[in-house]
Amino acid sequence: MDIRREEIRTGLLVVVSVAILTAVLLALGAPGVFKAVNHYNIFFDNAGGIKQGAPVLLAGRKIGQVTKLNSPVPLQDRPKAFPKYEAVIEVTVDRGTKIFREVNVRMVQYSLLGEQVIDFANGDESSGIASNGAYFVGERQKDFAASISEAVDVIKNVVTPVAQEAQKTMVELQSTANNLKTMTAPGSNIDQAVVNFRNFGQNLVELSGSTGKLQTTIEHIAELTGPDSHLQSTLQNADKFTSDLAKNKDIGASLNNFRQASEQLRSTMSTLGPQFQSIGQNLQEATDTVKRQPWRLVWPSTKTYPASSNSGPRLNVPQPVKQPARRVRD
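From a predicted model like this one, the values you see are computed outputs, not experimental measurements.

A. Structural detail: the overall build of the chain. Scanning the chain for helices and strands turns up six helices and eight strands. Scanning the chain from its N terminus toward the C terminus, one meets helices and strands in the order α-β-β-β-β-β-β-β-β-α-α-α-α-α. Considering only contacts in the chain between residues 6 or more positions apart, those separated by 24 or more positions represent 61%. Total accessible area computed for the chain in this model is approximately 25,800 Å², and 59% of it derives from carbon and sulfur atoms.

Structure follows, in structure tokens:
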């Protein structure tokens, strides 16, 4: 009797344990068995390695799980605006969860080695609650390889040109440094200019010193321009002379006499002008005769001249006449 009772207890314990284990498995694997759930379909361009049973989140809070994966979806069953989205993921969430019609659905991975999850976020409350069986178009977070590829592209398109320009700049800076080194080397133009400037400064110090030539020149100038100097006496004498000239009335008379003498000289020159002209003409004729018939200087001959209406003295200079050339005996 006791043995049978123990067997009955053992059987009941096994049945209860199996029932509890089944309930737990159903709760974990089939959430809709014990509580009401909603089913939603989410289209993606790629399933991205997500697994069945992966968590479904609402702004980071778990509300369900992935129940089914299907790809590729027939073209006629894909969203019209997204014909390349060939993967659909079915998720189940608690019916009491507020999933709005307009909401951002993303497939993300929160850590480098973590699993993929579905996250609903940034819902528009004015759009209303999404009905059971509604579908959404999700976006997939770029994986690590894609991120590396984009980083490589960024490096290739942005960093590489900058590095090349930096390399060119360094080469130019090196060239500039070499030029500066050459320009400032001993014996260079800049070095000689510095030496000359130093010598110039020393010369200025020597010139402007207490015993320098500049100081001596300044002292000489002070002596020349002092109140007892010869220059000051000369200026005083010139001042006295000009004041005496201003006071003397003979200056006006002298200017008047000079003006009268100028008038007389002008009238005399106007009177003697024709006579000087006649004398010049006679000299021109004489030089022409000497140039053309030089033998007349030792063998004179008679030459007649026309009467001139001009008065005054006239030189008796033979005038050239046109006559046939005569043969001179040897």
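B. View of a nonpolar patch on the surface. Taken together, the side chains of F197, F200, L204, L207, L214 and I218 present a nonpolar region at the surface, about 590 Å² in accessible area. Counting only elements with at least two residues in the nonpolar patch, the list comes to α3 (189-208) and α4 (213-225). Relative to the helices and strands, F200 is located in helix α3.

C. A look at the nonpolar core. If you look at the biggest cluster of nonpolar residues, it comprises 21 residues, and the most contacted ones within it are I99, I118 and F120. If sequence neighbours within four positions are ignored, I99 has contacts with Y40, L58, I63, V93, F120, G128, I129, A130 and F136.

D. The sheet that holds strand β4 (residues 87-94), seen in detail. Read from one edge of the open sheet, eight strands run β7-β1-β4-β3-β2-β6-β5-β8, paired in mixed fashion. In this open sheet, the two strands that pair with only one neighbour each are β7 (135-137) and β8 (139-140). As paired elements, strand β1 (residues 37-44) and β7 share three bridges and run parallel to each other. Paired with F43 across the strands is V137, a residue of β7.

E. Highlighting the side chain of R78. Residue position: R78 is located in the loop between β3 (61-70) and β4. Among residues more than four places away in sequence, those in contact with R78 are F43, P72, V73, P83, K84, Y85 and E86.

F. Quick peek at the side chain of T97. Position of T97 relative to the elements: it lies in the loop between β4 and β5 (104-108). Once residues lying within four places of it in the same chain are set aside, the contact partners of T97 are L58, R61 and I63.

G. Structural context of the packing of aromatic side chains. Applying the stated rule across the entire model yields four aromatic pairs. Taken together, a centroid distance of 5.0 Å and an interplanar angle of 50° make the contact between F82 and Y85 tilted. A residue is classified by how much of its surface remains accessible, and F82, at 33% relative accessible area, is partly exposed. Where F120 meets F136, the ring centres are 5.7 Å apart and the plane angle is 80°; that geometry is what we call edge-to-face. With F120 in strand β6 (residues 117-121) and F136 in strand β7, this residue pair connects regions lying 16 residues apart in the sequence. Summarising the burial analysis for this pair, F120 and F136 share the class buried. Ring pairs connect the aromatic residues Y40, F120 and F136, which therefore count as one cluster.

H. Expanded view of the packing of α3 against α4. Packing of α3 against α4 brings their axes to within 4 Å, and their N-to-C directions diverge by 35°. Facing E206, L207 and S208 of α3, the residues of α4 in contact are K213, L214 and Q215. Among the residues making up the contact of α3 with α4, the classes are represented as two nonpolar, two polar and two charged.

I. Quick peek at the pairing of β3. Relative to β3, strand β2 (residues 55-58) is paired through four bridges, and the arrangement is antiparallel. Paired with V56 across the strands is G64, a residue of β3. Two elements, β3 and β4, share six bridges in a ladder whose sense is antiparallel. The residue bridging G64 from the neighbouring strand is V93, located in β4.

J. Focus on the pairing of β6. β6 sits mainly inside the fold: five of its five residues count as buried. Burial along β6 is two-sided: V117, D119 and A121 facing one way and I118 and F120 facing the other are all buried. Pairing geometry for β2 and β6, over three bridges, is parallel. Looking across to β6, one finds that L58 is bridged to F120. When β5 meets β6, the two strands line up antiparallel, connected through five bridges. For N104, the partnering residue across the bridge sits in β6 and is A121.

K. Expanded view of unusual backbone geometry. In the segment running from S71 into P72, the intervening peptide bond is cis, with an omega of -5°. Position of P72 among the secondary structure elements: in the loop between β3 and β4. Phi at A59 is positive, roughly 55°, even though this residue is not glycine. Within the element layout of this structure, A59 appears in the loop between β2 and β3. A positive phi angle, near 60°, is found at N122, a position not held by glycine. Structurally, N122 is set in the loop between β6 and β7. On the basis of relative accessible area, N122 is assigned to the exposed category, the value being 65%.

Parameters at a glance
- Residues numbered from 1 in each chain as written.
- Predicted model: local features only at pLDDT ≥ 70, side-chain atom pairs only at ≥ 80, totals over all residues.
- Heavy atoms only, no water.
- Helix = DSSP H or I, 4+ residues; strand = E, 2+ residues; numbered from the N terminus.
- Contact = heavy atoms within 4.5 Å.
- Areas by Shrake-Rupley, 256 points an atom, 1.4 Å probe, with all protein chains shown as cover.
- Patch = residues over 30% accessible without salt bridge, like charges linked within 9 Å, V, L, I, M, F, W, Y side chains within 5 Å.
- Salt bridge = Lys/Arg side-chain N within 4 Å of Asp/Glu carboxyl O.
- Core = buried A, V, L, I, M, F, W, Y, C linked by side-chain atoms within 4.5 Å.
- Buried < 20%, exposed > 50% of the residue type's maximum accessible area, 1.4 Å probe, protein only.
- Pairing = 2+ DSSP bridges.
- Phe/Tyr/Trp six-rings, centres within 6.5 Å; stacked < 30°, edge-to-face > 60°.
- Axes fitted to C-alpha atoms, helices over the stretch in contact; angles between N-to-C directions.
- Nonpolar A, V, L, I, M, F, W, Y, C, P; charged D, E, K, R; others polar.

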